[in-house]
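Given next are the chains, with one letter for each unit.
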Amino acid sequence: MKFNVSKVREDFPILSTQVRDQPLVYLDSAATSQKPQFVLDVMNEAYQQYHANVHRGAYWLSQVSTEKYEGVREKVAKFIGVKNTKEIIFTRGTTESINIVCSSWGQENIQEGDDIVITRMEHHSNFVPWQQLAKEKKANLKIIEINQDYKLDLESVQKAFSGNPKVFAFTMMSNVLGTLNPVMELTKMAKDKGAMVLIDAAQSVSQMPISIDELGPVDFIAFSAHKMCGPTGVGVLWGKEALLNQMKPYQFGGDMISRVQDHQTSWNELPWKFEAGTPNFVGVIGMGAAIDYLQSIGMDQIHQYEQKLIDYTVNEMLNVSGLKLIGPKSPHNRGTAFSFTLEGIHPHDLATFLDVKGISIRAGHHCAMPLMDKLQIVATTRASLLFYNTKEEVDLLIQSLNEAKKYFLGGQK
Amino acid sequence: MNFAVLDSLYKEVILEHQKDPRNFGHLDNPDFQKEGFNPLCGDRVTIDLKLDETKEKVSQCRFHGEGCSICMASASMMAEEIEGLQVVDIKKLIQDFRDLMQGKKSPEELEGDIVALSGVKNFPVRIKCALLSWVTLKDALEHSDGTTRTE
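Residues numbered from 1 in each chain as written. Chains lettered and ligands numbered in written order. Predicted model: local features only at pLDDT ≥ 70, side-chain atom pairs only at ≥ 80, totals over all residues.

Within chain B one finds 5 helices and 4 strands. For chain B, the succession of helices and strands along the chain, N to C, is α-α-β-β-β-α-α-α-β. The globule rule puts the C-alpha radius of gyration for 151 residues at 15 Å, and the 15 Å found for chain B is close to it. Within chain B, counting contacts between residues at least 6 apart in sequence, those at least 24 apart form 63% of the total. (Helix = DSSP H or I, 4+ residues; strand = E, 2+ residues; numbered from the N terminus. Rg over C-alpha atoms; globule rule 2.2 N^0.38 Å. Contact = placed C-beta atoms within 7 Å.)

See the structure below:
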């Protein structure tokens, strides 16, 4: 079926609403994506028709709820190209997924003097946990720097791996720069040095098909449902079974146990060992619906359409005088996040101006302060698109940027 | 489009202060120096104060920093406004300005350029921008330690 953006937009109720008496133009999907009616309906149905706690009841309702919940593991496994559902752990989101690896794997495996390698373009969620682990263990935090094209600097990459790297944790796509990293090559380099590799796929998961086969021999992948048209509060940690088996539980409580005695407890098997307490099962079911929805359109179709949007947006943005794109200027190997500065106008003022026109856009440090410090920028404005955005919306953004220049800078430009 | 709502925020005098900030810079040997930071957007201001010989009156105020037009205009207006005022009156003015931002006081109850900032209350996410220099000033006068944060 051919991708039809007007049809797709009809699936998202919020996209036909108004803000400040203007049609909503939602350009902040890198922060969180909007939800199609289908996902909302599936979650509503879960609450209205088979809501009961999972893994507990011997009654029909709980059995249905458990089946639906566990069924999502298979959907997720297929979505990222793995077979073993024991390796799919449901979490609160990318942040918790990374924290599990840091706390559990990191505590056991990182020692004084080891190198923990991350990159300059990490979101705080893949920066702070490793920074704190390094501090605690007296390990070295090595940060791969970016070059003038806002891509990882090759020299810096080689330098980072020259020592004793134990972990390499990096993002597939920068939420600020839009840069797509060469996952396969980087993973190979890290694995050659014996490092464990974790991929933060939070930004990329909604934008392209992910297949473990194409990523290389990675050990962990983390992502969130809410950036792929699913609900908030749910995410995934995928890890290799052998590694997950070696790891200690991250939290203790119900569901993650096999037998509890007065003075000792044995753990449940994978994946439940890492799912303490009543899980957000309706959220997980919603994530399953989001995967169904994305696959009903087709990840390849989504990717192709978004690539056209990227080509168009880069081209249009580079034509705006005074606009500096903080990210790769080439439309290839970049995602749909476009950070920029507009000479003479502070991002906050610009965001307010655009808001009045119905355009929802992010201004600030985008949870990547170490990157902003390095770039010596206090804040940027960021437009981030998803497959439900249109060229017309990009046109409106560009037109509004030019209007903002007139409004704030008058005849100066 | 509806520029009226935008104009209620970006009054002429605000844009004018932003383009030509008053009392911008640093003081040599200030009696108080305080840095304020808004972690949400990265805006940063430093307030330098000098008291007169009675130690009860601000003789000079300078500000320095980087931020949006609301933040910079507010700091500029404040720095200009408080020079020559008694500390006790400044503290009252800080409270009055806070009340203006929160809609507890009407613009008619205040005087000077700062009244132009009353439109900010219609844009709740921007209130912190307008308040940054004022909460920093308050901390400076109360000798608080560390960097002032708006959240």
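Here the narrative resumes.
The next thing to look at is the interface of chain A and chain B. Each partner contributes to the interface: chain A provides 14 residues, whereas chain B provides 15 residues. Every element with two or more residues in the side of chain A that touches chain B is listed here: α12 (347-356) and β16 (362-364) of chain A. Top element by residues in the side of chain A that touches chain B is α12 of chain A. It accounts for 5 residues. Here the side of chain A that touches chain B is built from residues that sort into 6 nonpolar, 5 polar and 3 charged. (Nonpolar A, V, L, I, M, F, W, Y, C, P; charged D, E, K, R; others polar.)

Moving on, we come to the sheet that holds strand β4 (residues 148-149) of chain B. Residues and elements named next belong to chain B. Read across the sheet, 4 strands follow the order β3-β2-β1-β4 without closing on themselves; strand pairing throughout is mixed. Every other strand in the sheet has two partners, leaving β3 (58-66) and β4 as the edge strands with one partner each. The sheet contact formed by strand β1 (residues 32-38) and β4 spans 2 bridges and is parallel. Note on β4: the bridge partner recorded for G36 is T148. Contacting β2 (43-51) and β3, helix α3 (residues 69-82) runs over the sheet at an angle of about 170 degrees to β3. (Pairing = 2+ DSSP bridges. Axes fitted to C-alpha atoms, helices over the stretch in contact; angles between N-to-C directions.)

Here the focus is the domain arrangement of chain A. Residues and elements named next belong to chain A. Parsing chain A into structural domains produces domain 1 (5-31 + 298-412) and domain 2 (41-295). Centre-to-centre, using C-alpha coordinates, domain 1 lies 28 Å away from domain 2. With 25 residues of domain 1 at the interface, the matching set in domain 2 holds 23 residues. Contributing elements (two or more residues each) for the side of domain 1 that touches domain 2: α11 (299-318), β14 (337-342) and α13 (369-375). With 5 residues, the top contributor of residues to the side of domain 1 that touches domain 2 is α11. Its residues placed into classes, the side of domain 1 that touches domain 2 shows 12 nonpolar, 8 polar and 5 charged. (Domains from an automatic or database assignment.)

Bringing the sheet that holds strand β5 (residues 115-119) of chain A into the picture now. Residues and elements named next belong to chain A. Strand order in the open sheet formed by 7 strands is β4-β10-β9-β8-β7-β5-β6, with mixed pairing between adjacent strands. Here the strands that pair on one side only, and so sit at the sheet edges, are β4 (88-91) and β6 (140-144). Looking at each pair of strands side by side, their axes are set apart by 20 degrees on average, direction ignored. Of the strand pairs in this sheet, strand β7 (residues 165-171) and strand β8 (residues 196-200) are connected by 5 bridges, and their pairing is parallel. Bridging from a neighbouring strand, V167 pairs with M196 of β8.

So, about the pairing of β3 of chain B. The pairing of β2 of chain B with β3 of chain B spans 8 bridges and is antiparallel. Of the residues in β3 of chain B, the one forming a bridge with K50 of chain B is Q60 of chain B.

For the rest of this paragraph, the subject is unusual backbone geometry. Residues and elements named next belong to chain A. Along the chain, L270 connects to P271 via a cis peptide bond; the corresponding omega equals 0 degrees. For P271, the location among the structural elements is in the loop between β12 (265-267) and α10 (281-297). Even without glycine at this site, R20 takes up a positive phi of about 45 degrees. Relative to the assigned elements, R20 resides in the loop between β1 (18-19) and β2 (22-23). The phi dihedral of D21 is positive, around 65 degrees, even though this residue is not glycine. Here D21 shows up in the loop between β1 and β2.

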